[in-house]
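Chains, contacts and geometry: an overview
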Amino acid sequence: MSVNADQVRHVAKLARIAMSDAEVEKMVPEFNNILKWVEQLGEVDTDGVEPLTAVIDNELRLRDDVVNDGDCRDDVLKNAPEAQHGFFAVPKVIE
Amino acid sequence: MSEYRIKGETGEWEVVIGLEVHAQVVSNAKLFSGAATAFGAEPNTQVSLVDAAMPGMLPVPNKECIRQAVRTGLALDAVINRWSRFDRKNYFYADLPQGYQISQLYHPLVGPGEVEILLDDKDENSVKQIGIERIHVEQDAGKLMHDQHPTMSYVDLNRSGVALMEIVSRPDMRSPAEAGAYLRKLRSILRYVGSCDGNMEEGSMRADVNVSVRKPGDEFGTRTETKNVNSVRFVMAVIEHEARRQIELIEEGGKVAQETRLYDPDKNATRSLRSKEDAHDYRYFPDPDLLPLELTEDFIADCKASLPELPDDKRKRYEGVGVTPYNASVLTAEVETARWFDALLEAGAEPKQGANWVVAELFGALNRRSETLATTGISPQEAAELLKLVADGTLSGTLGKQVFEIMLETGDAPSKIVEERGLKQTSDTGAIDAEIDKILAANADKVAEYKSGKVQLFGFFVGQVMKAMAGKANPGVVNERLRAKLD
Amino acid sequence: MSELTTKTIAELRDGIGAGDFSAREVAEAYNAAVVAGRSLNAYTVETPELALAAAEAADKARAAGELKPLSGVPLGIKDLFATEGVDSTSGSNILKGFKPTYESTVSGKLKAAGAGMLGKLNMDEFAMGSSNETSAYGPVISPWKRNDGGNAALTPGGSSGGSAAAVSAGLAAGVTGTDTGGSIRQPAAFTGICGIKPTYGRCSRWGIVAFASSLDQAGPMAKTVRDCAILLEAMTGFDPKDATSLDLPVPNWEAGLSSDLKGKKVGIPIEYRIDGVPSEIDALWDKGVEWLRDAGAEPVKISLPYTKYALPTYYIIAPAEASSNLARYDGVRYGLREAPEGGNLDAMYAATRAAGFGAEVRRRIMIGTYVLSAGFYDAYFTKAQKVRTLIKRDFRDAFAECDFILTPTAPSAAFGLQEKMSDPLAMYLNDVFAVPASLAGLPAMSVPGGLDGQGLPLGLHLIGKELDEQGVLNAALAIEERAGFTARPQRWW
Ligand SMILES: [Mg+2]
Ligand SMILES: [Zn+2]
């Protein structure tokens, strides 16, 4: 598969990365090069092969239902570009 | 119940409804962090660094949330998947700190099950099965506030990471009433199980309402999804409104767009969320921070053993001991009511009578007084005592009602009320005879009229005696003694 | 340069224990070396006060007879690790000024073991790169130079480029690295030091900024195999805060070191003779086989047929995971925010992420987003995860016939800065030998084998069975003892 400028723009939008037209144009061939290269995997017969789910055999451990975290608003907000009245503040969202 | 049809220009339409219910799991801590879940805390105080998606933070699942979802699945007769997995649902929004919601798409924890609803409360044969497609476990998002600042929205992450069960029905409902019955029944079951408090005002249960219309017998039409509807009434309103909108649209030659909509209760209308629509590509993939979730048979057996008697079983049990089907369904609808009634039975009340009394007398009184079982001072043990006093003739029906009123007022036990106020019914013939004699002596003229044939005066004498004895005389004995003296 | 900065961690530990020198002297020597080495651009933050404080604690501990395993050992910490109160930016503008209120489990364990922190080490942005040139702080310059009379600035490799340069130039006794697809092993090879990536799940990932969660593993880099064993013991261990952490006791790897490989079989994968790899590297590989044979191991030919698909597999899975892991850098809760005048939330996201991420990170986020998007998920991501299963199976089958595997670490010696920046694919190919073990979660290590014709270090690469770090360390030790690699970069900085 290969992508054109519009598709690159769409992906950039999904990824929330602003791109100028020039950047988009520059990325199209790079993108296609990489896609073409990874598409070698098409050669591999994977019929009946399960996708890998765990790198190393291991069990998902579950936590006990204990409140032992939170209550650290200062830490949570400490690095915020904009915090007001105990909230994070962002440009107004219209729903 | 007759089939629900909407009349359009081109004939009758059938409505097809499916619900995705988000139910907040009852747990102390969040799904993937140790922060608290309590409602109503100061903003951002119940937020761990994990919930705020600080760099390098990792999720570790809360066993209780998994347990509650499995118990819920078992209560809905659903398949419990021994192997399930968490996936990331990727999208950007200010209430979603990670930039993805940890959810389950490909391998949910719970598979198909069903909920039985009654289409008509008074007809136990009017049952319908509503299919459950799946239940998956996922994180809630935070909250955005828009009206505190002219150009900014505020983000509170207290809810961020709270565990939700998303209970997805099959498109098996065909009317607003069925959807309402399904939601109420589901809520009832969740509350019995204790996996969700069912508090819709606090957002513990919200429904995404999928609606489509078709001519009866046709294929399914295109559906719309109205998000986050937070009361049974609103869900029913959404269905009605959305069905009519779609029918009008189709009949005017238009096409229903598969889209997400939002309900505005003030306008009682839904509107399209098209603005968000174009970027919807959630790029689900297995969360690499979490391994597959594998359940042991022991774990599932423990979940099963911990389930209480569920509403349908309870209803059947009540009916089996003589409670009318209507009363049984009223008594089992809410877990608090059922628990109260069970305690009443345990305290020795006769089931049929007890049920009648609870549904007619107690609920009537509570309604009148704007009280509930939770707020009333009457305990099931005291109620059982009252019923027993009436049953064994210690109290007359009238006295019983009087004692009941005092109980409602004071919260005192009936025995105490009877004792203190001397309200015990008397069958003491000596005392009754003495009163009768006094009344007859004082009304010699009426006695003469009676004897000359005006027999309807008998009631007058009864009333006089009862009044003189402050209602405490056993009416049967009064009747019998009066006849003996007059006839 | 103080003689103290040429000592191994084992020597520092033993010397402090014996009272030959104080921890304070060691810390001061390293603090001075860090300052003197600034032109290498290895550190993004210097924390001499933390190194000194740990040294003072170590000297007190010695007086009290309570020395800890790493008392008085000054370490550099890769910037990918969150360090409490110290800028932790992962080499990215988007985390500019980010000071965590928490300490990563691994760096916390090292500190708890008595180690002092000299500073934070430069790296490729979010660990995406193989030359340390994608860092927002600019490239790290390798302390090594070619002996061709030119003065070309070389890469120390990446992404743990600052880590590699610091150890090799004597700016730290040991360092932490992280390895997602070779980021410990390739820079170790480029700079003539040792580095080991343990089995996935040995080191907690808690507090390490995520690149590709199913691949990321921390590990140590140091002058010697023994030093790696010492550091690895301090870094690993079960962490309930990481759901993928292995709940296993930490082996005593240092005590278990032995270069006697009698009865062991070393697998030589036939597919790893690749066109375009310099003959010097193949020759070193052959030498490595001989050294291991000399140590008692029997070489056997093995086949890893699917490993030739490892790189494309990796370049689907890693960007996919990264595209999601890096979604949190959105300008809301920390780091950079670019909010265009009058713009909405989406405009803020897009501007912040465009300004905050460098070209390579943006490229990988884009690729990752694409391969997960509707209609492409199965063709790319699911396919790659299936091939990954086959790659893992390759190793499982191979380990039925051998105890560990020997390959070159990288297909070339260190290259010049700018040489490969314009060609992403050429850069990606650098990790051709390293990536398969990452995809399979296996322990793997680079140990210096010799110098090439231009006087640049070349590494040999050992891959072990799941959880068999000891086997890897022992084989590396056998090579270390026989290679006699003592070359150090000539000081020019
Ligand atoms: Mg939904
Ligand atoms: Zn949901």
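Per an unreviewed UniProt entry, chain B is named Aspartyl/glutamyl-tRNA(Asn/Gln) amidotransferase subunit B, and its organism is Sphingomonas alba. Heading Subunit (unreviewed entry) of the UniProt record for chain B holds this comment: "Heterotrimer of A, B and C subunits." UniProt, in its Sequence similarities (unreviewed entry) section for chain B, records the words "Belongs to the GatB/GatE family. GatB subfamily."

Going by an unreviewed UniProt entry, chain A carries the name Aspartyl/glutamyl-tRNA(Asn/Gln) amidotransferase subunit C and comes from Sphingomonas alba. Taken verbatim from the UniProt record of chain A, the Sequence similarities (unreviewed entry) comment is "Belongs to the GatC family." Here chain A is described in UniProt, under the heading Subunit (unreviewed entry), as follows: "Heterotrimer of A, B and C subunits."

Remarks on a negative patch on the surface
The grouping of Asp120(B), Asp121(B), Asp123(B) and Glu124(B) at the surface amounts to a negative patch. Inspection of the secondary structure puts Asp120(B) in the loop between β6 (113-118) and β7 (127-139).

Looking at the coordination of the magnesium ion (ligand 1)
The textbook angles at a metal center are 109.5 degrees for a tetrahedron of four donors and 90 or 180 degrees for an octahedron of six. Residue and element names in this part refer to chain B. Around the magnesium ion (ligand 1), the protein supplies Glu20 (OE) and Asp208 (OD) as donor atoms, at distances of 2.1 to 2.6 Å. Between the magnesium ion (ligand 1) and the zinc ion (ligand 2) the interatomic distance amounts to 4.7 Å. Residue Glu20 is located in strand β2 (residues 11-24), and its partner Asp208 is located in strand β11 (residues 205-214); the two are separated by 188 residues in the primary sequence. A single burial state applies to Glu20 and to Asp208, both of which are buried.

Quick word on the domain arrangement of chain B
Accessible area lost on assembly of the parts is the figure often given for the size of an interface. Annotation of chain B at the domain level lists domain 1 (13-302), domain 2 (309-421) and domain 3 (429-486). A straight line from the C-alpha centre of domain 2 of chain B to that of domain 3 of chain B covers 35 Å.

Description of the pattern of salt bridges
Considering all chains together, one arrives at 72 salt bridges over all chains under this definition. One salt bridge in this structure joins Lys438(B) and Glu435(B), with 3.4 Å as the shortest N-O distance. With Lys438(B) and Glu435(B) both in helix α13 (residues 429-442), this residue pair falls 3 residues apart, about one helical turn. Overall, the relative accessible area of 53% leaves Lys438(B) in the exposed class. Residues Lys7(C) and Glu3(C) are paired through a salt bridge, measuring 3.5 Å at the closest nitrogen-oxygen approach. In this structure, a network of salt bridges that share partners links the residues Lys26(A), Glu30(A), Glu360(C), Arg363(C) and Arg364(C).

Quick look at the interface of chain C and chain A
Contacts between chain C and chain A engage 68 residues on the former and 50 residues on the latter. Summed over both partners, the interface of chain C with chain A buries about 5100 Å², with 71% contributed by carbon and sulfur atoms. For the pair chain C and chain A, the interface holds 2 salt bridges. Of the charged contacts in the structure, one is a salt bridge between Glu30(A) and Arg363(C), with a shortest N-O distance of 2.8 Å. Run the count over chain C and chain A and you get 20 residue pairs in polar contact (both at pLDDT 80 or more). Those elements giving two or more residues to the side of chain C that touches chain A turn out to be α9 (310-325), α10 (345-356), α11 (359-372), α12 (377-398) and α13 (424-428) of chain C. With 13 residues, the single largest contributor to the side of chain C that touches chain A is α12(C). By residue class, the composition of the side of chain C that touches chain A is 35 nonpolar, 17 polar and 16 charged.

Some thoughts on the interface of chain A and chain B
Each partner contributes to the interface: chain A provides 38 residues, whereas chain B provides 55 residues. Summed over the shared surface of chain A and chain B, the number is 22 residue pairs in polar contact (both at pLDDT 80 or more). For the side of chain A that touches chain B, the elements supplying multiple residues, two or more each, are α1 (5-14), α3 (73-77) and β2 (87-91) of chain A. Looking at which element gives the most residues to the side of chain A that touches chain B, the answer is β2(A), with 5 residues. Partitioned by chemical class, the residues of the side of chain A that touches chain B number 16 nonpolar, 8 polar and 14 charged. Sheet analysis places β2(A) next to strand β9 (residues 152-156) of chain B, joined by 4 bridges and oriented antiparallel. Across the sheet, Pro91(A) pairs through a bridge with Met152(B), a residue of β9(B).

A word on the pairing of β11(B)
Within a regular strand, side chains alternate between the sheet's two faces. Residue and element names in this part refer to chain B. In terms of burial, β11 is largely enclosed, as 10 of its 10 residues are buried. Side chains Met205, Ala207, Val209, Val211 and Val213 of β11 all project onto a buried face; the interleaved residues Arg206, Asp208, Asn210, Ser212 and Arg214 project onto the opposite face, where all are buried too. In this structure, β2 lies alongside β11, joined through 10 bridges in antiparallel fashion. For Glu14, the partnering residue across the bridge sits in β11 and is Arg214. Bridge count between β11 and strand β12 (residues 224-229): 4 bridges; the pairing is antiparallel. The residue bridging Asn210 from the neighbouring strand is Glu225, located in β12.

The rules we used
- Residues numbered from 1 in each chain as written.
- Chains lettered and ligands numbered in written order.
- Predicted model: local features only at pLDDT ≥ 70, side-chain atom pairs only at ≥ 80, totals over all residues.
- Heavy atoms only, no water.
- UniProt positions renumbered as here; feature names shortened; annotations may be inferred.
- Patch = residues over 30% accessible without salt bridge, like charges linked within 9 Å, V, L, I, M, F, W, Y side chains within 5 Å.
- Areas by Shrake-Rupley, 256 points an atom, 1.4 Å probe, with all protein chains shown as cover.
- Salt bridge = Lys/Arg side-chain N within 4 Å of Asp/Glu carboxyl O.
- Lys, Arg positive; Asp, Glu negative; His and termini not counted.
- Charge placed at Lys NZ, Arg CZ, Asp CG, Glu CD.
- Helix = DSSP H or I, 4+ residues; strand = E, 2+ residues; numbered from the N terminus.
- Donors = N, O, S within 2.8 Å, 3.2 Å for Na, K, Ca; no water.
- Buried < 20%, exposed > 50% of the residue type's maximum accessible area, 1.4 Å probe, protein only.
- Domains from an automatic or database assignment.
- Contact = heavy atoms within 4.5 Å.
- Buried area = accessible area lost by both parts, 1.4 Å probe.
- Polar contact = N/O pair within 3.5 Å; in protein donor to acceptor, adjacent residues only side chain to side chain.
- Nonpolar A, V, L, I, M, F, W, Y, C, P; charged D, E, K, R; others polar.
- Pairing = 2+ DSSP bridges.

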